[in-house]
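Listed below are the residues making up each chain.
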Amino acid sequence: MQIADNHVVSITYILKDGSGNILDQSDDGRFCYLHGASNIIPGLENALTGKQTGDEMSVSIEPEEGYGVRDDGKMQQVDRKMFPPEQDIEAGMQFHAEGPEGQTIVVTVASVEGDQVTIDGNHPLAGVQLNFNVKVVDIRDATSEELEHGHVHGPEGHAHG
Ligand SMILES: [Zn+2]
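Residues numbered from 1 in each chain as written. Predicted model: local features only at pLDDT ≥ 70, side-chain atom pairs only at ≥ 80, totals over all residues. Heavy atoms only, no water.

### Here we look at unusual backbone geometry
Next up, step 1: Unlike most non-glycine residues, Asn 6 shows phi in positive territory, near 70 degrees.
Next up, step 2: For Asn 6, the location among the structural elements is in the segment before β1 (7-16).
Next up, step 3: Given a relative accessible area of 42%, Asn 6 falls into the partly exposed group. (Helix = DSSP H or I, 4+ residues; strand = E, 2+ residues; numbered from the N terminus. Buried < 20%, exposed > 50% of the residue type's maximum accessible area, 1.4 Å probe, protein only.)

Shown next, in the form of structure tokens:
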């Protein structure tokens, strides 16, 4: 079976940045996703199309095909009062916020000066070159329910009632 849209694909991977630092990896086994449903970044999804079980590859993905380029327009100053008073706010902290289209985005605290907190709405991997070492472990047809939901179910995927 070759990887194509509407297949559930299991991979193991190591992700490094342009300097060789490990950013992420499938440490305890495998990662499952639904191919063709934008579950993963476009550059990786495109590179996996047509691959077969057992295939291994190294793929280098530019930010445009990864988490996007950095946009300074996503830096914003907000008042310290926007955050819970009991919480220490420090540079580097990350939290979830609602984006302009209602989607969940990760926001990083860039700096804190007095009552002014500068937050960065860029994805933490925006502007970063992504170097994946990927091995295809398994490929199967998605169930009709998985296709309807747009994500993988079962022990290695998403579970809900
Ligand atoms: Zn579901």
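### Some thoughts on the pattern of salt bridges
Next up, step 1: For the structure shown, the criterion picks out 3 salt bridges.
Next up, step 2: Here Asp 120 and Arg 70 are joined by a salt bridge, their closest N and O atoms 2.9 Å apart. Residue Asp 120 is located in strand β8 (residues 116-120), and its partner Arg 70 is located in the loop between β4 (56-61) and β5 (75-79); the two are separated by 50 residues in the primary sequence.
Next up, step 3: Take Arg 70: its relative accessible area is 41%, and that puts it in the partly exposed class.
Next up, step 4: Among the salt bridges present, the one from Glu 146 reaches Arg 140, with a minimum N-O distance of 3.0 Å.
Next up, step 5: Given a relative accessible area of 2%, Glu 146 falls into the buried group.
Next up, step 6: Assessed through its relative accessible area of 30%, Arg 140 is described here as partly exposed. (Salt bridge = Lys/Arg side-chain N within 4 Å of Asp/Glu carboxyl O.)

### Side note on the sheet that holds strand β6 (residues 94-98)
Next up, step 1: Spatial ordering of the open sheet is given by β5-β8-β7-β6, a layout of 4 strands whose pairing is antiparallel. At either margin of the open sheet sits one strand with a lone partner, and together these are β5 and β6. On average, each strand axis in the sheet is inclined to that of its neighbour by 40 degrees, with strand direction left out of account.
Next up, step 2: With 5 bridges joining them, strand β7 (residues 104-113) and β8 adopt antiparallel strand pairing. What sits directly across from Val 112, in β8, is Val 117. (Pairing = 2+ DSSP bridges. Axes fitted to C-alpha atoms, helices over the stretch in contact; angles between N-to-C directions.)

Keep in mind these values describe shape, not function.
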